[in-house]
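# Understanding the architecture of this molecule
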Amino acid sequence: MCPALTQNAVREGGEFVYRFRADQPGSYWYHTHETPNRALQAGLFGMFTVDPVTPEGFDEPVALHTFGGALTVALADAPPADGLATRTLSPGTPVRLRVANTDNAPHTLGVSGVPYRIAAVDGLPVTGRILRDERAQLAAGGRYDLVFTMPSRPVLMSAGAAGLLLTPGVGAAPAPSAGPLIDITRYGSGGTEAPRRFDRSYTWVLDRLIALRGGVPRLSHTVNGQVWPRVAPALVKQGEWIRFTVVNRGGEPHPMHPHGHHVLVLSRDGVKAAPIWMDSFDVGPGEVWEVALRAGNPGVWLAHCHELTHAAEGMTLHLAYDGVRSPFALDGHNHPE
Ligand SMILES: [Cu+2]
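Residues numbered from 1 in each chain as written. Predicted model: local features only at pLDDT ≥ 70, side-chain atom pairs only at ≥ 80, totals over all residues. Heavy atoms only, no water.

## Looking at the overall build of the chain
Helix and strand content of the chain: two helices and 27 strands. Its C-alpha radius of gyration of 20 Å places the chain within 12% of the 20 Å reference for a compact globule of 337 residues. For the chain, the residues scored as buried account for 53% of the 337 residues in total. The contacts in the chain between residues at least 6 apart in sequence include a share of 70% that link residues at least 24 apart. Of the roughly 15,300 Å² that the chain leaves accessible, carbon and sulfur atoms contribute 52%. Here the chain holds 28 positive side-chain charges and 31 negative ones, and the gap between their average locations is 5 Å. (Helix = DSSP H or I, 4+ residues; strand = E, 2+ residues; numbered from the N terminus. Rg over C-alpha atoms; globule rule 2.2 N^0.38 Å. Buried < 20%, exposed > 50% of the residue type's maximum accessible area, 1.4 Å probe, protein only. Contact = heavy atoms within 4.5 Å. Areas by Shrake-Rupley, 256 points an atom, 1.4 Å probe, with all protein chains shown as cover. Lys, Arg positive; Asp, Glu negative; His and termini not counted. Charge placed at Lys NZ, Arg CZ, Asp CG, Glu CD.)

What follows is the structure in structure tokens.
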């Protein structure tokens, strides 16, 4: 969709070496950004964990991904399983399931058979209460770390018809959780106070409008009435706090995802958030979210909807740090899906 913003596409037979300092412990994933909808759906993605916290236990990345119309559960050591993946664990084992939604639509996660906590959201720790049969919606692109201690009976982590069954080897599998949904923005604290003042404020109005794409007027997913690359970039300066007000005037959720940054969620529809850090936040139809971004990672960064057909239809812009230019030609070429 947008190569040549932060790197060129890796050509057929070519290679590109990524070097980064793994100084941010947590659950992450990576995927192609070249015709990402098609290529990612076909499986060009992976997960990685920086510093597992329960290496002596069952500390496992779990990718939720739809292949051929069926939601699958993929663990690190096994190909994706249709329906139910199963592992045997001894009672008392510390468990941390690092669940990533690698699809375009949100998934609703539940855990039955044991009380659990969401210990991290999008890689960063969160301090929240114990959940008993409650469920949480995970945005496209988002990650939740689900933690509990393995009991002496089976536990089921479920997402729709797919799931991961952890069993001590005896007992019947519990039914998938059908409990109430929590609001992740009010679940727990990310450990940072909301700033009192902001250096800049931007508003992104997300809509479905006719816009020119490739010179042709087409129904598009727009930001402030425009499509990539004509959406005005958000200009920021190192050290600033920036407030973004994100308004969804469309009929579908928009999981907004800034690259290179987490944002501190301040409010959802006027209701104060915990607040919590996220890097993929699902702005539902008609909703208004206020988020704060701390400009501490200079660069030229894409920010887009993680429903990748929306991103390809224009719902993409970039964050530009003052004085930083992309070394690549920003041609705005939009590779059609
Ligand atoms: Cu969208």
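## Details of the sheet that holds strand β15 (residues 162–167)
Sheets are built from strands that pair by backbone hydrogen bonding, the pairs being arranged parallel or antiparallel. In spatial order, the strands read β6-β15-β14-β8-β12; together these five strands make up an open sheet with mixed pairing. The two strands at the open ends of the sheet, each matched to only one other strand, are β6 (84–88) and β12 (135–138). Each adjacent strand pair in this sheet contributes to an overall mean axis angle of 15 degrees, direction not counted. Where strand β8 (residues 107–112) lies against strand β14 (residues 155–159), four bridges are found, and the strand directions are antiparallel. Each bridged residue has a counterpart across the sheet, and for G110 the counterpart in β14 is S158. (Pairing = 2+ DSSP bridges. Axes fitted to C-alpha atoms, helices over the stretch in contact; angles between N-to-C directions.)

## Observations concerning unusual backbone geometry
Put simply, W228 and P229 share a cis peptide bond, and its omega is 0 degrees. Positionally, P229 belongs in the loop between β18 (216–223) and β19 (234–236). With an omega of -5 degrees, the peptide bond between A274 and P275 qualifies as cis. Locating P275 in the fold gives a position in strand β23 (residues 271–278). Look at D269: it is not a glycine, yet its phi comes out positive at around 50 degrees. In this fold, D269 is placed in the loop between β22 (263–268) and β23. D269 gets classed as partly exposed once you look at its relative accessible area, which sits at 44%.

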